[in-house]
Amino acid sequence: MAQQLLYLIFIFPLLLLVLLRRRRFASRTPNKSGDGGGPCRQRSHDDDNHLPPSPPGELPIIGHLHLVGSHPHASLRAIADMHGADGLVLLRLGEVPNLVVCSPSAAEAVLRTHDHAMASRPHSVVADILLSGSSDVALAPYGEYWRQARKLVTTHLLSACKVRSLRRGREEEVRLVLAEVGEAAAARAAVDVTELLGAFVNDVVCRAVSGRLSAFSAGHQEGRRRNRMLRELIEGNAALLGGFTLLDHFPSLAKVGALTRMLCARATRHKKRWDVLLDQIIDEHAASSRSAEEDGDLVDVVLSLQQEYCLSREQVKAILMDMYAAGTDTSSIVLEQTMVELIRNPHVMTRLQAEITSNTPKGQKMVKEEDLMNNMAYLKAVVKETLRLHPPAPLLLPRITMEHCDVNGYTIPAGTVSSSTHGLSAEIPGHGTRQMSSCRRGFFIILVAPTTHPLTT
Ligand code: HEM
């Protein structure tokens, strides 16, 4: 927040200048497309009267930015509770109109009824740098490239069959982490559970994506070093993509080249570090003759399909970055919060232990993934309840409205960014994790339960 304020103080005069010039130019130019950008119908005065409510206190230039604190999901929810109607409130964050979606019926309208009109992602300068023009899946704008990239991911990388084929690696990593806990217990040493689970999930994901040099399989320092570096890079992505980016709120400033370079310097340096590592991983895989179908990891699979999907090397790297990053924080947060809830609720822990003991064959030391298929209903309920209580991503990824549409009787102009509070989708009737795959953008994957992988249902 302090950084946000500093930016605003230093950049305020420049911003004022650019906006005034823009306004003067706009007043001389007739508006041909209504809202500008996107296939939308002409916006009329009547439409403006039906916009969702906005909170008071809008300031010149920054709009409602000052109302958003360091926990945006909490600020947005509080604003919507106080000033919203039907779970909708419209804010102006800098130059960009933002629709906050905070009720199950509004979330249903945005995620399901108007899924098509609201399926794209807003432009982000940081994502453009890190993901080579947002050429990944999660942040790619809606269109043919995104459709193809998503097809590649759903049918080849995260198919039930591929996820099952990587099972042995996951089980080895579980054995390793349990051995570490056992050693700590024998030495009566404390365990930093956040660190332990973070490193464990990172190793599982790295092993699935680029395999061979995981900390376990290589059994030597190079694997550990590479996994540590990937973890650092993934954390850097989260900080850069999740943080406040002035240019995303004031897109007209992007015209000032020197300013853009200055504001994006950190992202550019970070991308260079990714490039060095990903180029090395891709070159090593390309030089080996391992089959993608049998024991191949996700890099093998993407490289085997690169020509068929006409992917450039940069696009391959962007898709791989999603594969490394999307499942790491999310999964470790779920694991950690489940532990916390079990410690807080000893009666739940006792019932869960009883279910696990009675459903695991005698002499078998670990729950296997096949044990989860038809048994362990209580374990699944505990994980689902944890997801409901502690959604790992409290705000869904932002969407941008591609054409004018009406949500719960309100007009949402094209070009509006919408932010939905996560957890609401679970409240929409029939919109549980399995149905998620039916909506164009949102899907939901649980790393530890590949058989219920919603992408494949
Ligand atoms: C407990 C684990 C996980 C949780 C809670 C989770 C949650 C989510 C959420 C909330 C979204 C945003 C949906 C939206 O805003 O539209 C998302 C998107 C996505 N997730 Fe996950 N995720 C998990 C694991 C994974 C894993 C393991 C992968 C792949 C390796 C993955 C890949 C993706 C991708 C590619 C998207 C973008 C989908 C799109 O925009 O079409 N996720 N996930």
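Details of the structure are given in the entry above.
Residues numbered from 1 in each chain as written. Predicted model: local features only at pLDDT ≥ 70, side-chain atom pairs only at ≥ 80, totals over all residues.

J.: What exactly am I supposed to notice about the overall build of the chain here?
T.: In terms of regular secondary structure, the chain is built from 19 helices and six strands. Of all 457 residues assigned to the chain, the portion counted as buried reaches 33%. Summarising the internal contacts of the chain: among those between residues at least 6 apart in sequence, 67% fall at separations of at least 24. (Helix = DSSP H or I, 4+ residues; strand = E, 2+ residues; numbered from the N terminus. Buried ≥ 20, exposed ≤ 12 C-beta atoms within 10 Å, placed from the backbone. Contact = placed C-beta atoms within 7 Å.)

J.: How should I be thinking about the nonpolar core in this particular structure?
T.: Across soluble globular proteins, you tend to see nonpolar side chains buried next to one another. By size, the foremost hydrophobic cluster in this structure holds 49 residues, and its most contacted members are V209, L298, I319, L320, M323 and Y324. Secondary structure elements with two or more residues in this core: α5 (125–130), α6 (144–157), α9 (193–210), α11 (221–242), α14 (265–287), α15 (298–305), α16 (313–326) and α17 (328–344). In terms of domain composition, this core takes at least three residues from each of domain 3 (154–326) and domain 4 (331–389). Leave out the neighbours within four places in its chain, and L320 touches V209, L278, V299 and V302. Counting residues in each nonpolar core, the second largest holds 29 residues, with L88, C102, V110 and V407 among its members. (Core = buried A, V, L, I, M, F, W, Y, C linked by C-beta atoms within 7 Å. Domains from an automatic or database assignment.)

J.: Mind showing me how you'd approach the pairing of strand β6 (residues 417–420) here?
T.: A regular strand places its side chains on the two faces of the sheet in alternate fashion. A two-sided burial pattern is seen for β6, the buried positions comprising V417 and S419 on one face and S418 and S420 on the other. Pairing of strand β2 (residues 96–101) with β6 involves four bridges; the strand directions are parallel. From the neighbouring strand, L99 faces β6, where its bridge partner is S418. Both strand β3 (residues 399–400) and β6 contribute to a ladder of two bridges, which runs antiparallel. The partner of I400 across the bridge, within β6, is V417. (Pairing = 2+ DSSP bridges.)

J.: Can you help me understand unusual backbone geometry in this one?
T.: Most peptide bonds adopt trans geometry, and most residues besides glycine take a negative phi value. In this structure, D86 takes a positive phi of about 55° despite not being glycine. On the secondary structure map, D86 appears in the loop between α3 (72–83) and β1 (88–93). We classify D86 as partly exposed; it has 17 C-beta atoms within 10 Å. One non-glycine residue with positive phi stands out, namely R188, at about 50°. Take R188: it is sitting in the loop between α8 (167–186) and α9.

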